[in-house]
Amino acid sequence: MTDSVPPAIRIDFPSGEKAAWRGPSESELKAAARATLGAGHAGPAGEADAGAGDTPGEGAELSVTFLTAESMRALNRDYHGVDDLTDVLAFGLGEDPLVGDIYISPDAAEASARELGLDPGEEILRLLIHGILHLLGHDHPEGEARYASPMFELQERLLARLLAEFRGRA
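Residues numbered from 1 in each chain as written. Predicted model: local features only at pLDDT ≥ 70, side-chain atom pairs only at ≥ 80, totals over all residues. Heavy atoms only, no water.

**Focus: the layout of surface pockets**
Alright, step 1. A volume near 740 Å³ is recorded for the largest pocket.
Alright, step 2. As for the largest pocket, its lining consists of 28 residues, and the residues nearest its centre are Asp87, Val88, His130, Arg146 and Phe152.
Alright, step 3. Of all elements in the fold, only helix H2 (69–80), strand E3 (88–95), helix H3 (106–116), helix H4 (120–135) and helix H5 (150–169) reach the threshold of two or more residues within the lining of the largest pocket.
Alright, step 4. With six residues, H4 is the single largest residue contributor to the lining of the largest pocket.
Alright, step 5. Split by residue class, the lining of the largest pocket holds 10 nonpolar, nine polar and nine charged. (1 Å grid on protein atoms, 1.4 Å probe; cavity = no way out; pocket = protein on both sides within 12 Å on 5 of 7 lines; lining within 4 Å. Points joined across faces, edges and corners; volume = space filled by probe spheres on them. Helix = DSSP H or I, 4+ residues; strand = E, 2+ residues; numbered from the N terminus. Nonpolar A, V, L, I, M, F, W, Y, C, P; charged D, E, K, R; others polar.)

And the structure:
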């Protein structure tokens, strides 16, 4: 029997200035990533399909990097041909075990949060979950239909569960 290998999750804060960060804590970001990895292979009911003794996200390696609006726009332009700011980009680098990079724009998250009347930290957690679900193979249609898709439903269930857990600790 081999020991399970927990997921490795690296968080790079904006400009490397962790002290100035106003979003979720590093431990909350990592907890959200682990929870999403565990539920990302879920069936329709949202239950993880890991076998007995399996570690959710076993062996996964994720890098989460927060970028300025300018850097995020450049990344979107260079890799997707869209010269516009986006809130989250996810790049899979391997499938077994999952290896990937997620880039999040706190500026875009804050703007969306303001527009929707949400907490910016909540929006950053939503984007992290969204990016990981994409890495795990989940997808959604464009336009308004995306909000009724199974991926968005799973994303919002995970977010609600995490927020309740985080608030319960406060």
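So much for the structure itself; the text now carries on.
**Some remarks on the pattern of salt bridges**
Alright, step 1. Applying the stated rule across the entire model yields nine salt bridges.
Alright, step 2. When the shortest N-O distance is used, the salt bridge between Arg167 and Glu122 registers 3.7 Å. Of this pair, Arg167 sits in helix H5 while Glu122 is found in helix H4, placing the two residues 45 residues apart along the sequence. (Salt bridge = Lys/Arg side-chain N within 4 Å of Asp/Glu carboxyl O.)

**So, the environment of Ala60**
Alright, step 1. Mapped onto the secondary structure, Ala60 falls in the loop between helix H1 (26–39) and strand E2 (61–66).
Alright, step 2. With relative accessibility at 2%, the residue Ala60 sits in the buried group.
Alright, step 3. Each C-alpha atom, one on Ala60 and one on Ile9, is 8.0 Å from the other, the two residues being 51 residues apart in sequence.
Alright, step 4. With sequence-adjacent residues up to four places away left out, Ala60 is seen in contact with Pro6, Pro7, Ala8, Leu37, Pro97 and Leu98. (Buried < 20%, exposed > 50% of the residue type's maximum accessible area, 1.4 Å probe, protein only. Contact = heavy atoms within 4.5 Å.)

**Section: the side chain of His140**
Alright, step 1. Tracing the backbone through its elements, the reader meets His140 in the loop between H4 and H5.
Alright, step 2. For His140, a relative accessible area of 10% corresponds to the buried category.
Alright, step 3. Polar contacts involving the side chain of His140 include one to the side chain of His134, which spans 3.2 Å.
Alright, step 4. Within the local environment of His140, its side chain forms a polar contact with the side chain of Arg146, the two groups lying 3.1 Å apart.
Alright, step 5. Residues in contact with His140, not counting those within four places in the same chain, are His130, His134, Arg146, Ser149, Met151 and Phe152. (Polar contact = N/O pair within 3.5 Å; in protein donor to acceptor, adjacent residues only side chain to side chain.)

**What about the packing of H4 against H5?**
The relative placement of two packed helices comes down to the angle between their axes together with the axis-to-axis distance.
Alright, step 1. Where H4 meets H5, the axes come as close as 10 Å, and the angle between the chain directions of the two elements is 135°. By the criterion of interaxial angle, the relationship of H4 to H5 is oblique. In this structure, H4 meets H5 at a crossing whose hand is right-handed. For the pair H4 and H5, contact is made by Glu122, Leu125, Arg126, Ile129, His130, Leu133 and His134 and by Met151, Phe152, Leu154, Gln155, Glu156, Leu158, Leu159, Leu162, Leu163, Phe166 and Arg167, respectively.
Alright, step 2. Of the residues contributing to the contact of H4 with H5, the split by class is 11 nonpolar, three polar and four charged. (Axes fitted to C-alpha atoms, helices over the stretch in contact; angles between N-to-C directions. Parallel < 35°, antiparallel > 145°, perpendicular 65-115°, else oblique. Left-handed = near helix turned anticlockwise from the far one by under 90°.)

**Observations concerning the sheet that holds strand E1 (residues 8–12)**
Alright, step 1. The mixed open sheet is built from four strands, whose spatial order is E1-E2-E4-E3. Two strands lie at the open edges of the sheet, namely E1 and E3, each paired on one side alone. Shown here is a sheet whose adjacent strand axes are inclined to one another by a mean of 10°, direction ignored.
Alright, step 2. Both E3 and strand E4 (residues 98–104) contribute to a ladder of seven bridges, which runs antiparallel. Residue pairing for E4: Phe91 is matched across the bridge by Asp101. (Pairing = 2+ DSSP bridges.)

Keep in mind these numbers describe shape, not what the thing actually does.
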